[in-house]
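# Results of the structural survey
Listed below are the residues making up each chain.
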Amino acid sequence: MTVPQALQKLYSDFQNCVSKQDESGFQAALSSLKIELTKLPSLPPRLEEGPGAQEERLLARDVYETAVLFTSSLGDDAGFDRNFALLKPYYLDIRDSIPASEKEPLLWGLRLLMLLVQNRIAEFHSTLELLPLDVVSATEVSYVMELEGWMMQGSYANIGSAKSSAVSPYYIPLLDRIVTTVRNEVASCSQAAYKKLRIEDAQKILDIRADEVDAYCAEYGWKKENGYILLQQSMQQDALQGLPEAERIIHNCMQYAKELERII
Amino acid sequence: MGKSNTEEGDVAMTDANDHVEKTNKEEDSKVQTIQDKLLDNVRLIEEAVKEKEPRLISSRLLRQTQVLKGELTAEGIVLFVQTYLGGVGETSLERCQNVLKECGHGFSEVDYESKPEEMEQEEDGATQKKKKKKAEIAVIEAELYAYVVASMYLVQNKAWSDVLRVCQVGVGVLMEHNTRIVDPMGARLYSYMSLASEKMGTLSQIRGMLLQLYRAAVLRHDSIGQETLLNLLLRNYLHYKLYDQAEALRAKAQPETYKSSAQHCRLLYYHGRIQAVLLEYSDAKEALVQASRKAPLAAKGFRLQVAKWLIVVRLLLGEVPNRSEVAPADLRSMMHPYFELAKAVGAGDVNVFMEVASKYQSSFESDGLRHVVARLRANVIRSGVRRIATAYSRISLSDISNKLGLTNVSDAEYIVSKAIRDGGITAELDHETGIMTCSSVTDVYSTDEPLNAFHARIAFCLDVYNEAYKAIRHDPKARKTWNAWPKDVEEEDIEAILEDFEDYFDE
């Protein structure tokens, strides 16, 4: 049994909306498609085998892949998570029953990049473990892994230049967001490392324009003086640190006393 | 002459016949001995059922059966089943025999129709009746015991589909029969079932059943079953690298106390692995260290795996362990890739690290550590920075970038500033001159390092004490005599004792 007519029509509507970049039409088309897809028996979670199973699964996978790509270009994080969660079973559970998708490495790469941008590093790594070997070695995915390595290492300079070597146009909006994350990281690192910085140097390090310097100083509590930014004035002095220390020591000693009392 | 020849021939023949008969008898007696041993074990089951003491089964019975592992034969097992269940449990006997008939490795060749010899003919009718009565209460338990023994034998012979079949029948019996006595045997059956599925590559198919069994175990307060099934489920998830799901299960389902230290040990290992992948390195290290301490010496493969994960987690935490600390002597030869890794991380040289990582990639992959090892690159650089910071008081950033093998100076600057922020080194950067100034480490005792170290040790000792205290088991028989007030103490004596007490307090 081939795919029913109603479904085919909805599918072509859906693709039209995507190619025209019509956001509201896309949402409506996607919702009605999802409802129609639940009626097909061969899709997860029912996973019944049948003559048309492969065709149905390929169709469903294509729908979700397109949905994921479109939501990522819209910048809709929650939508991206939802649609990717719907797509995951097609890549993992029923991997063997349908031929591999060409877009698979791109979509996994996109997912990993999204997790990196949102700083969900633990999920990044657990997702990475799930990936089969041939996906891991694909350029889209290894690019993102490289990026993560640089971020952990602290080679922030490379990240700035990574944008030019982006493997896919879908990555570009996410890379912009990473640059912002990186900038904040660099600001907090600089605060710990430098006593003072010349303003032009600070601009270069943080990769910001002259007019943005004031905004950063206000945010981090830095003072400007004679063309220098004073960074470490804003740090709290150690005097106040004595207090939580004392509290901890008291807490520990009380615990020891309690345990010893119990023994004796 | 001819006559004497035939005579000699006859003598030779009879000798040969005698010899054959003797070996037959020996074999028979050997088979009888297996059967005897199994029958003795079954007496233990009867006692356990009478006393309602499942611990007898979990410790003594299973240990004794383990001892028999080498001597099991298909014939012996079938004979034992027929002898014991023959008079008392016809349905059990039939069920058992039907399943065993299908199995290979000698089971299908045994003659199921022949009745075993009546060994106990000297006993009078009364002893026989008593034995029969005792046997009647333990029919299902004995049947399950037979399944456990048969599975053990089949596992030894690596007949995985047969093991699966036997275990499934056993599990079916278990589900109908809800007593706590059979819990340890049930746990064994679950483990064999999971092992067989793993070897056959069909682990994902039994996941649903394992979850169902786990629910049943929880509802029945079957603690050993719960612990075993939780571990089997975690193993199932980790086999397919489903770390998120494994963590979700473990977080909700981890039991508070443990009956079986072997299962606890396994749980700690799985816990450590999950936390290591999810970036919780301190938790992971604690769990893995405990697992390595609890592991029995005989479990070489297990200890090796724990040691491998432990060394990687230690490296990720920034410690560089030395050889003796990480692996005991008997495992050292198999951990060669990991020692090289530790050396590369300690040296702080990225190129060497990348070489080692690619050289041993296949062995890391088979241990499931490939991606975790890849994370070590940042640690290599960090330890390189730390070495430089301890060695130099002032050094230019360009020199640092040369030493670390980095491509450009601004990279080095970013890396060093991140290291400072993360607390790896104490230093200051001066951007204009491009110099890093390191403050040398001051007196450690003025910081709170000693306090933390002592606190960790004290907490550990107190934990050990508390756990030992909780684990004390009193002998149930001793309690019976202790609780009873001695009968010959008279009322007046008690009053006299109480008066003495009062006098004591008045003083």
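Below is a short write-up of the structure. Note that this is a predicted model, so its numbers are computed, not measured.

Definitions and limits used
- Residues numbered from 1 in each chain as written.
- Chains lettered and ligands numbered in written order.
- Predicted model: local features only at pLDDT ≥ 70, side-chain atom pairs only at ≥ 80, totals over all residues.
- Heavy atoms only, no water.
- Contact = heavy atoms within 4.5 Å.
- Buried area = accessible area lost by both parts, 1.4 Å probe.
- Salt bridge = Lys/Arg side-chain N within 4 Å of Asp/Glu carboxyl O.
- Helix = DSSP H or I, 4+ residues; strand = E, 2+ residues; numbered from the N terminus.
- Nonpolar A, V, L, I, M, F, W, Y, C, P; charged D, E, K, R; others polar.
- 1 Å grid on protein atoms, 1.4 Å probe; cavity = no way out; pocket = protein on both sides within 12 Å on 5 of 7 lines; lining within 4 Å.
- Points joined across faces, edges and corners; volume = space filled by probe spheres on them.
- Pairing = 2+ DSSP bridges.
- Axes fitted to C-alpha atoms, helices over the stretch in contact; angles between N-to-C directions.
- Phe/Tyr/Trp six-rings, centres within 6.5 Å; stacked < 30°, edge-to-face > 60°.
- Buried < 20%, exposed > 50% of the residue type's maximum accessible area, 1.4 Å probe, protein only.
- Core = buried A, V, L, I, M, F, W, Y, C linked by side-chain atoms within 4.5 Å.
- Patch = residues over 30% accessible without salt bridge, like charges linked within 9 Å, V, L, I, M, F, W, Y side chains within 5 Å.
- Areas by Shrake-Rupley, 256 points an atom, 1.4 Å probe, with all protein chains shown as cover.
- Lys, Arg positive; Asp, Glu negative; His and termini not counted.
- Charge placed at Lys NZ, Arg CZ, Asp CG, Glu CD.
- Arc of directions from axis to C-beta.
- Left-handed = near helix turned anticlockwise from the far one by under 90°.
- Disulfide = S-S within 2.5 Å.

Tallying the contact residues gives 38 residues for chain B and 44 residues for chain A. Together, the buried faces of chain B and chain A total about 3,700 Å²; carbon and sulfur atoms form 55% of this surface. Summed over the three residues of chain B that lose the most area to chain A, namely His371, Tyr414 and Arg421 of chain B, the buried surface amounts to 18% of that side. Taken together, the links from chain B to chain A amount to four salt bridges. Across the salt bridge formed by Arg198 of chain A and Glu432 of chain B, the nearest N and O atoms sit 3.1 Å from each other. If you tally residues by element for the side of chain B that touches chain A, the top one is helix H22 (residues 409–421) of chain B, at nine residues. Here the residues of the side of chain B that touches chain A are counted per class, giving 17 nonpolar, eight polar and 13 charged.

A word on the layout of surface pockets. All names here are of chain B. Reported here for the second largest pocket is a volume of approximately 1,800 Å³. In this structure, the second largest pocket is lined by 44 residues; those nearest its centre are His264, Leu268, Gln290, Lys294 and Glu467. Listing elements by their share of the lining of the second largest pocket, those giving two or more residues are helix H12 (261–277), helix H13 (281–294), helix H14 (300–317), helix H15 (323–326) and helix H23 (449–470). With eleven residues, H23 is the largest single contributor of residues to the lining of the second largest pocket.

On to the sheet that holds strand E2 (residues 427–430) of chain B, then. Residues and elements named next belong to chain B. Spatially, E1-E3-E2 is the arrangement adopted by the three strands of the open sheet, whose pairing is antiparallel. Each end of this open sheet is capped by a strand with a single partner; those strands are strand E1 (394–396) and E2. Each adjacent strand pair in this sheet contributes to an overall mean axis angle of 20°, direction not counted. As judged from the three bridges shared by E1 and strand E3 (residues 435–438), these two strands associate in the antiparallel manner. For Ser396, the partnering residue across the bridge sits in E3 and is Ile435. Docked against the sheet, H22 engages E2 and E3, running at close to 145° with respect to E2.

Let us look at the sheet that holds strand E1 (residues 196–198) of chain A. Residue and element names in this part refer to chain A. With respect to topology, three strands assemble into an open sheet ordered E1-E3-E2, the strand pairing being antiparallel. Where the open sheet ends on each side, the last strands, each with one partner, are E1 and strand E2 (223–225). Geometrically, the sheet is characterised by an average inter-axis angle of 30° between neighbouring strands, direction not taken into account. Where E2 and strand E3 (residues 228–230) come together, three bridges link them in antiparallel fashion. From the neighbouring strand, Glu225 faces E3, where its bridge partner is Tyr228.

The next thing to look at is the packing of aromatic side chains. Inspection of the entire model under this criterion finds eleven aromatic pairs over all chains. On the numbers, 5.2 Å between centres and 65° between planes, the contact of Tyr338 of chain B with Phe364 of chain B is edge-to-face. With Tyr338 of chain B in helix H16 (residues 336–347) and Phe364 of chain B in helix H18 (residues 361–366), this residue pair connects regions lying 26 residues apart in the sequence. Per residue, the accessibility class of Tyr338 of chain B equals that of Phe364 of chain B, and both read buried. Among the aromatic residues, ring-to-ring pairing joins Phe80, Phe84, Tyr91 and Trp108 of chain A into one connected group.

As a further point, take the nonpolar core. Residues Phe14 of chain A together with Phe107 and Met436 of chain B are the most contacted members of the largest nonpolar core, which totals 214 residues. Among the elements that make up this core, the one with the highest residue count is helix H6 (residues 139–156) of chain B (13 residues).

Turning to a negative patch on the surface, a few remarks are in order. All names here are of chain B. A surface patch of like charges, here negative, comprises Glu280, Asp283, Glu286, Asp463 and Glu467. Going through the elements one at a time, H13 and H23 are the ones with two or more residues in the negative patch. Mapped onto the secondary structure, Glu467 falls in helix H23. Residue classification places Glu467 among the partly exposed positions, given a relative accessible area of 48%.

All right, on to empty space enclosed by the protein then. Residue and element names in this part refer to chain B. Summed over the entire model, instances satisfying the criterion amount to three cavities of 30 Å³ or more. Here the largest cavity defines a volume of roughly 80 Å³. Lining the largest cavity are 15 residues, and of these Leu174, Asp183, Tyr190, Arg220 and Asp222 sit closest to its centre. For the lining of the largest cavity, the secondary structure elements donating two or more residues are helix H7 (160–176), helix H8 (183–200) and helix H9 (203–219). Counting residues per element, the lining of the largest cavity draws most heavily on H8, which supplies four residues. A breakdown of the residues in the lining of the largest cavity according to their chemical character gives seven nonpolar, four polar and four charged.

On the secondary structure map, Ser197 of chain B appears in helix H8. Those residues within four positions of Ser197 of chain B in sequence are excluded, and the remaining contacts are Leu164, Thr202, Leu203 and Ile206 of chain B.

The subject of this paragraph is the environment of Ile458 of chain B. Along the chain, the position of Ile458 of chain B falls in helix H23. Considered as a pair, Ile458 of chain B and His264 of chain B are 194 residues apart in the sequence and their alpha carbons are 23 Å apart.

So, on to helix H21 (residues 397–404) of chain B. All names here are of chain B. The complete set of buried residues in H21 reads Leu397, Ile400, Ser401 and Leu404. Projection of H21 onto a plane perpendicular to its axis shows the buried side chains occupying an angular sector of 95°, all on one side. Each element contacted by the buried residues of H21 is listed here: helix H17 (350–359), helix H20 (376–391), E1, H22, E2 and E3. Looking one or two residues past H21, Gly405 carries a phi angle of roughly 75°, positive in sign.

So, on to the packing of H7 of chain B against H8 of chain B. The packing of two helices is summarised by the inter-axis angle and the distance between the axes. All names here are of chain B. Put simply, H7 and H8 touch, their axes get as near as 9 Å, and they point 145° apart. As for the relative orientation of H7 and H8, their crossing is left-handed in sense. Between H7 and H8, the contacting residues are Trp160, Ser161, Val163, Leu164, Cys167, Gln168, Gly170, Val171, Leu174 and Met175 on the first element and Gly186, Leu189, Tyr190, Tyr192, Met193, Leu195, Ala196, Ser197, Lys199 and Met200 on the second. In the contact of H7 with H8, the residues fall into 14 nonpolar, five polar and one charged.

A full pass over the atoms with the stated rule returns zero disulfides over all chains. For Cys461 of chain B, which is in no disulfide, the shortest distance to another cysteine sulfur is to Cys253 of chain A and amounts to 16 Å.

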